[in-house]
Amino acid sequence: MAVRRDGSLMRDKGQPSRGSRIAAAIAVGVLLGCVLAFLYPHGLFGAASRARIASISDLQSGSSSGELPERFNLMKSDIASLSEKNVALKNQIRVLNERLRSAEQGKDHAHNQFSALGDQHKAGPFGTVKGLRTNPTVMPDESVNPRLAKLLDEVAIGKELIVALANSNVREMLEVWFTSIKRVGIPNYLVVALDDEIENFCKVNDVPVYKRDPDQDIDAVGKSGGNHAVSGLKFRILREFLQLGYSVLLSDVDIVYLQNPFDYLYRDSDVESMSDGHNNYTAYGYNDVFDEPAMGWARYAHTMRIWVYNSGFFYMRPTIPSIELLDRVAGRLSRENAWDQAVFNEELFFPSHPGYDGLHAAKRTMDFYLFMNSKVLFKMVRKNAKLSKLKPVIVHVNYHPDKLPRMKAIVEFYTNGKKDALQPFPDGSEW
Ligand SMILES: *[C@@H]1O[C@H](CO)[C@@H](O)[C@H](O)[C@H]1NC(C)=O
């Protein structure tokens, strides 16, 4: 408990931040003001004016020269202009202070934005207030891709659908993927074919498929690109779906469907994602205490941890924060040689800080038993009599490189009731 106070102590130990330097400057200013106020209770210029007034009364009581009234008037106007300057200076200081504050906090901007969004409300009694979680959807813009708009109109149900990207490198997994989807009876799904072979393969198998127009330069990545290059492409392609007003359940192809995921979504957040976590703590977040014994009394520092969201299976509502997330991730992937899942999570979770505006997206972690990763299945669930009786919604073979045989075994286990189908596989990969 005491340690939380130490957080601020420790923060002060490092390089002073820009914020703390500004705060120090303001404090010095305020202190100087107090000293001056004490020495000159009527203000600096007020003191000067009083000195003049004293000399005027001296003059009045003293010699009676003929030019006296004239000099008196001159002095009176001097005093007037001095106190005007005093007021003007005070105003300038006030304006500067305000600018400093609002520059530091972006407060004016935020306030204007908030006022523009709607009427102000009183907060209401304790325990009854709830912040905005479900952002409004964008107005659909068919002009961004009329052909896709027409296709989505036929395929989507309730303005939502599953979308997967595929090239011929993953043809066999894709087959297990869409076979499981058909078995469950999910009609609203679409394969974005990145080459002709996959487009034909889908058509032959009566799978809804969309091939993008060839003039789009990023298609080159789709044909020849490795896993990570294709991942960057994914965020650009998804943007059009959202712009057209559709919610997308983005799906990798190393996933087996066992129930209809649309029956298990909450739809209250911009991004609803499956987790790479394997229990309540890792999947939903926990307080991870960092221990530094050298700090003695303040040896414990508390940190927030959560296992990453899986960027291979997430549901996105068509909102401005969702589209901003796609743009931020695609932008960074085009500039950096980074792993798309790490970038996806950094953009989603890192807060605003000096020099950086964080994304303000609402997020929800899916139930890790219903939207199951392959670590949960092979390390825990298959060995637990109770857990292995529950049927997940999907299983994502994200933790294992031998994806195809594991996918087939999952189908055998859950749909064909073959109880020992999962047994031949080791918990993890054996390199
Ligand atoms: C994990 O969380 C679920 C739902 O919040 C709860 O029902 C369950 O008891 C928790 N399990 C453990 C081991 O804490």
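Bear in mind the structure is a predicted one, so any value in this text is a computation, not a measurement. Within any chain, residue numbers begin from 1 and follow the written order of that chain's sequence. Reporting in this predicted model follows two pLDDT cut-offs: at least 70 for local features of residues, and 80 or more for side-chain atom pairs to be given and counted; totals over whole chains, interfaces and linings ignore these cut-offs and use all residues. Side-chain figures throughout are based on the complete set of non-hydrogen atoms in the structure, without hydrogens or water.

K.L.:
Can you walk me through the overall build of the chain in this structure?
P.N.:
Within the chain, the regular secondary structure consists of 15 helices and twelve strands. Between buried and exposed lies partly exposed: a residue is buried under 20% and exposed over 50% of the maximum accessible area for its type, with that area taken using a 1.4 Å probe on protein chains only. Expressed as a percentage of its 431 residues, the buried residues of the chain come to 39%. Only heavy atoms enter the contact rule, under which two residues are in contact if any of them lie within 4.5 Å. Long-range contacts, defined here as pairs at least 24 residues apart, represent 71% of the contacts in the chain between residues at least 6 apart. Using a 1.4 Å probe, accessible areas were evaluated by the Shrake-Rupley method; residue-level cover was limited to the displayed protein chains. When the accessible surface of the chain is summed, it comes to about 25600 Å², and 56% of that surface belongs to carbon and sulfur atoms. A run of H or I in DSSP counts as a helix once it spans at least four residues, and a run of E counts as a strand once it spans at least two, with each numbered from the N terminus.

K.L.:
Sorry if this is basic, but what is going on with the nonpolar core here?
P.N.:
Among soluble globular proteins, nonpolar side chains are generally buried collectively. Nonpolar cores are built from buried Ala, Val, Leu, Ile, Met, Phe, Trp, Tyr and Cys residues. Side-chain atoms within 4.5 Å join them into one set. Judged by nonpolar contacts, the single largest core of 54 residues is most densely connected at L174 and W177. Tallying contributions element by element places helix α15 (residues 403-414) first for this core, with seven residues. If near-sequence neighbours (up to four positions away) are discounted, W177 is found in contact with I162, A164, Y189, V191, S251, D252, V253, I255, Y257 and M407. Formed by 39 residues, the second largest nonpolar core is a distinct cluster that contains V155, L190, V343 and A361.

K.L.:
What's the story with the sheet that holds strand β3 (residues 209-211) in this structure? I'm lost.
P.N.:
What the seven strands build is an open sheet, ordered β3-β2-β1-β4-β9-β6-β10; its pairing is mixed. Each edge of the open sheet carries a strand with a single partner, namely β3 and β10 (363-365). Neighbouring strand axes in the sheet, compared pairwise and without regard to direction, differ in orientation by 30 degrees on average. One bridge is not enough; two strands pair if DSSP finds at least two bridges between them. Strand direction decides the pairing type here: strand β1 (residues 160-166) and strand β4 (residues 247-251), joined by four bridges, are parallel. Bridged to I162 within β4 is L249. Lines are fitted to the C-alpha atoms to define the axes, a helix being fitted only along its stretch in contact, and any angle between axes, read from their N-to-C directions, falls within 0 to 180 degrees. Lying over the sheet, helix α8 (residues 196-204) contacts β1, β2 (189-193) and β3, oriented at roughly 155 degrees with respect to β3. Along the sheet, helix α13 (residues 340-349) contacts β6 (271-275), β9 (309-316) and β10; its crossing angle with β9, the most-contacted strand, is approximately 55 degrees.

K.L.:
How should I be thinking about the packing of helix α12 (residues 320-335) against α13 in this particular structure?
P.N.:
Two numbers describe a pair of packed helices, the interaxial angle and the distance between the axes. At a minimum axis distance of 9 Å, the contact between α12 and α13 shows a crossing angle of 135 degrees. The angle between the axes of α12 and α13 places the two elements in the oblique class. Viewed along their axes, α12 and α13 form a crossing whose handedness is right-handed. Residues L325, R328, V329, R332 and L333 of α12 form the contact with α13, whose own contacting residues are D340, V343, F344, E346, E347 and L348. Here the nonpolar group is Ala, Val, Leu, Ile, Met, Phe, Trp, Tyr, Cys and Pro; Asp, Glu, Lys and Arg are the charged ones; every other residue, Gly included, is treated as polar. Classifying every residue of the contact of α12 with α13 gives six nonpolar, no polar and five charged. Each angle gets one of four labels, with under 35 degrees taken as roughly parallel, over 145 as roughly antiparallel, 65 to 115 as roughly perpendicular, and the rest as oblique. What makes a crossing left-handed is the near helix being turned counterclockwise from the far one by less than a right angle; a clockwise turn instead makes it right-handed.

K.L.:
Explanation requested: unusual backbone geometry in the structure shown.
P.N.:
Where the residue is not glycine, phi is negative for most of them; where a peptide bond is considered, it is trans in most cases. Not every positive phi belongs to a glycine, and K159 is a case in point at roughly 60 degrees. In this fold, K159 is placed in the loop between α6 (146-155) and β1. The exposure class of K159 is partly exposed, given its relative accessible area of 40%. Positive phi, normally seen in glycine, also occurs at R267, with a value near 60 degrees. Within the secondary structure layout, R267 lies in the loop between β5 (255-257) and β6.

K.L.:
Help me out: how do you make sense of the sheet that holds β5 in this one?
P.N.:
The strands making up a sheet are joined through hydrogen bonds of the backbone, oriented either antiparallel or parallel. Read from one edge of the open sheet, three strands run β5-β12-β11, paired in mixed fashion. Looking at which strands have only one partner, the edges of the open sheet turn out to be β5 and β11 (371-373). Averaged over all pairs of adjacent strands, the angle between strand axes in this sheet comes to 15 degrees, irrespective of strand direction. As defined by bridge partners, β5 adjoins strand β12 (residues 394-396) across three bridges and the pair is classed as antiparallel. Within β12, the position partnered with I255 by the bridge is H396. Helix-sheet contacts for α15 involve β5, β11 and β12, and the interaxial angle to β5 is about 20 degrees.

K.L.:
I would appreciate a short explanation of the packing of aromatic side chains in the present structure.
P.N.:
Here the distance between the centres and the angle between the planes together describe a pair of aromatic rings. When the centres of two rings from Phe, Tyr and Trp lie within 6.5 Å, Trp using its six-membered ring, the rings pair. Their planes under 30 degrees apart give stacked, over 60 give edge-to-face, and anything left gives tilted. Tallied over the entire structure, the rule returns 14 aromatic pairs. Aromatic side chains Y286 and W307 sit 6.3 Å apart centroid to centroid with 40 degrees between the ring planes, which places their arrangement in the tilted category. With Y286 in strand β7 (residues 286-291) and W307 in the loop between β8 (300-305) and β9, this pair connects stretches of sequence that are 21 residues apart. With a centroid separation of 5.1 Å and an interplanar angle of 80 degrees, the aromatic rings of Y309 and F349 are classed as edge-to-face. Pair noted here: Y309 is in strand β9 and F349 is in helix α13, with a separation of 40 residues, a long-range link. Classification of F349 as partly exposed rests on a relative accessible area of 29%. Grouping aromatic residues by their ring pairs yields a cluster made of W177, Y189, Y257, F313 and F371.

Keep in mind these numbers describe shape, not what the thing actually does.
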